[in-house]
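Commentary on secondary and tertiary structure
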Amino acid sequence: MSFIDNLFRKKSINDAIATAHAETDGGPALEKNLKVMDLTALGIAAIIGAGIFSTIGSASASGGPGVVFLFIFTAVACGFAAFAYAEFASLLPVSGSAYTYSYVAFGEIIAWIIGWALVMEYAVGNITVAVSWSGYFTSLCSSAGWHISDWATIDYISARDGATSVAAALKGGAELSSLSASEQEAYNAWQNAPTIGGFHIILDLPAIIMSILITALVYVGIKETKRASNLMVVLKMCVVVLVIIVGAFYVDTANWHPFVPNGFGGVMAGVSSVFFAYIGFDALSTTAEECKDPQRDLPKAMVYSIVICTVLYIFIALVLTGMVNYKLLDVDDPLAFVFEQINMKWFSGIIAVSAVVAMAGVFLVFQLGQPRIWMVMSRDGLMPKRYGQIHPKYKTPSYATIITGFFVVVPMLFIPSDTVLDLCSMGTLFAFVLVCGGVLKMQLDPDAPRGKFRTPYINAQWIFPLMMLAATAWAFTQYKGETVAWLTNQKEAFEADALVSRLYPEQTDAVVAAISVRDSSGFAAQKGDLLAYLSAMPADDYHQWVNTSGLPESTTYESGWHLFKHKIPMWLFLMMCVALSWWSFKYRLSLIPVLGLISCFYMMAQIPAKSWLGFFIWLVLGLGIYFAYGYKNSKLARAKA
């Protein structure tokens, strides 16, 4: 076989199932005792975690009350992907999730890539969970009268960049007390951190300690039973429903106006945060070996868990944005925060306790799943044998568990929490895209094996191309100016916060002096805060001010390559739309997996380009490991040697 053929060598269905049997080392098979209700509970347990207790805050701060539309869109996209997962699960009721599915559908190199991406999903996702857990734990400690220093509750990069941003705002006349809680935390952490040789000692100590302790528990064989999982779901559901009911009495509908304050772009800016809130339903596919009837029960459970959680998310988002102004919600513990704002600290404490327990449970589930991905890849020969070793006493993949802890704790020291969230969403969305693509590929192969459950077929031959034409017509009629400007890469004015942070001290002084003369009453109304004054301007007035400010264009506008590089993910999405339209017309593809693929790819395109670069670097690193070890040590390679 040629080099290219070897890259795409595939596992057969029988090979995949035989590998699953080999995992038991001749022992008894996993007990099939999970039904629809159990699976739905597991799905809810995995979904309701850091998403609803933490990242919903940053999403609401970006999109305002209109973030509910993003929850609905994301739920629909995840629903499409759930059908694809369910179809593969019925075909391959074994462990490995998207990694194993890709090995069968696409071949070894794609399986490696998706397996490596899943490593990022679990490890990086757990960093987000740990940081969110730390936020609630810190809040709980504060309520009990024990204050943990800010430098011990944040990562180094976030503190450094946040302090720089705050310093720029303070130069513009802002008061520290007027800034968001997260900005104040970053500034205080940087200012008060102990230093060694000028280096600031900053680390999220509670998150690191919790990560190490739970990794140790996983190492010695902690197991979650159905009963424990169901009890956890009951706890989470009670707290969430209680927040909705109690919070509804404190909603001020004035906070819902405007409903979409930052437009469609503001809503989509929270895509990573909102999508992260749904990460977990795909973990159900890893339980296929333990389902009594995976072909029937898995599709139902995935859809049920997504629907239930979506309804809860929408109500929570409406309550949060109704209780306080959406701009205040960019905090690690939004549920506890809003009740502190209405002087219900006792209720905030209840939420904090529940969140600490609930998110620790989610961390445990993901930390259990991560070593299993290493282990399956090891047993396929793509990773060294040590990753598949089972501890003789604890009966756990001990070495892989230690590596898993390493992949969570070390990056937590220096990767900003927002970048972590983006990378986790990138890895998961990439898996969803490939699983949907795998279903489409099987459809094109008449000899491909198929399971009992199949995604309902709707012919996309005309529907999808017409949808793309309609979307194009809508963009050029309703948003012609913006669309043409985007396509031709016309220069764009920096947002107020970015512009203020780029000003030199003398420029800041000159701008403040000019505004004080031109609009003294308006500037005074904003308490002399330059950023607040510029942010409050209507869009047209702001752009007019930018053009007449006398500031250099390099300070006020972004253009050329610096602007275009941010659009690369969206250009890739547009090319995918064209390709899928052609393939749908030519091959009469199934509409549901097509919509699943394109909607997940669209959410990927909304993630900043810098996170795409980070994801690309991660994949290149993974390919280096594959070609150095996995390519020649693969079991399929040895079998054909």
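What you see is a predicted model, and the numbers here were worked out from it, not measured in a lab.

Definitions and limits used
- Residues numbered from 1 in each chain as written.
- Predicted model: local features only at pLDDT ≥ 70, side-chain atom pairs only at ≥ 80, totals over all residues.
- Heavy atoms only, no water.
- Salt bridge = Lys/Arg side-chain N within 4 Å of Asp/Glu carboxyl O.
- Helix = DSSP H or I, 4+ residues; strand = E, 2+ residues; numbered from the N terminus.
- Buried < 20%, exposed > 50% of the residue type's maximum accessible area, 1.4 Å probe, protein only.
- Contact = heavy atoms within 4.5 Å.
- Axes fitted to C-alpha atoms, helices over the stretch in contact; angles between N-to-C directions.
- Parallel < 35°, antiparallel > 145°, perpendicular 65-115°, else oblique.
- Left-handed = near helix turned anticlockwise from the far one by under 90°.
- Nonpolar A, V, L, I, M, F, W, Y, C, P; charged D, E, K, R; others polar.
- Core = buried A, V, L, I, M, F, W, Y, C linked by side-chain atoms within 4.5 Å.

On to the pattern of salt bridges. Overall, the coordinates contain 3 salt bridges when judged by the stated rule. Note that Glu-108 and Arg-9 form a salt bridge whose closest N and O atoms lie 2.8 Å from each other. Remark: Arg-9 occurs in the loop between helix H1 (3-7) and helix H2 (13-22) and Glu-108 occurs in helix H7 (residues 108-143); sequence separation between them is 99 residues. Arg-9 matches Glu-108 in its accessibility class, with the two residues each being buried. A salt bridge links Asp-161 to Arg-160; the nearest nitrogen and oxygen atoms lie 3.1 Å apart. Judged by relative accessible area, which is 34%, Arg-160 ranks as partly exposed.

We now examine the environment of Met-576. With respect to the helices and strands, Met-576 occurs in helix H28 (residues 568-587). A residue is classified by how much of its surface remains accessible, and Met-576, at 21% relative accessible area, is partly exposed. Note: C-alpha distance between Met-576 and Leu-597 (21 residues apart in sequence) is 9.5 Å. If we ignore the near neighbours within four places in the chain, the residues touching Met-576 are Leu-597, Ile-598 and Phe-601.

Axis separation between helix H5 (residues 67-91) and helix H29 (residues 591-605) bottoms out at 8 Å; the angle between their running directions is 130°. When the axis of H5 is compared with that of H29, the two are oblique. Every pair of crossing elements has a handedness; the one defined by H5 and H29 is left-handed. Packed against H5, whose contacting residues are Phe-73, Thr-74, Ala-77, Phe-80, Ala-81 and Phe-83, the element H29 presents Ile-592, Leu-595, Gly-596, Ser-599, Cys-600, Tyr-602 and Met-603 at the interface. Residues that form the contact of H5 with H29 fall into these classes: 10 nonpolar, 3 polar and no charged.

Counting 165 residues, the largest nonpolar core has Phe-53 and Tyr-136 as its most contacted members. Top element by residues in this core is H7. It accounts for 20 residues. Membership of the second largest hydrophobic core comes to 19 residues, among which are Ala-493, Val-500, Tyr-542 and Leu-551.

Contact geometry of helix H19 (residues 463-478) with H28 gives a least axis separation of 8 Å together with a crossing angle of 150°. Between H19 and H28 the crossing geometry is left-handed. From H19, Phe-464, Pro-465 and Met-468 reach across to H28, where they touch Cys-577, Leu-580, Ser-581, Ser-584 and Phe-585. Of the residues belonging to the contact of H19 with H28, the class tally is 6 nonpolar, 2 polar and no charged.

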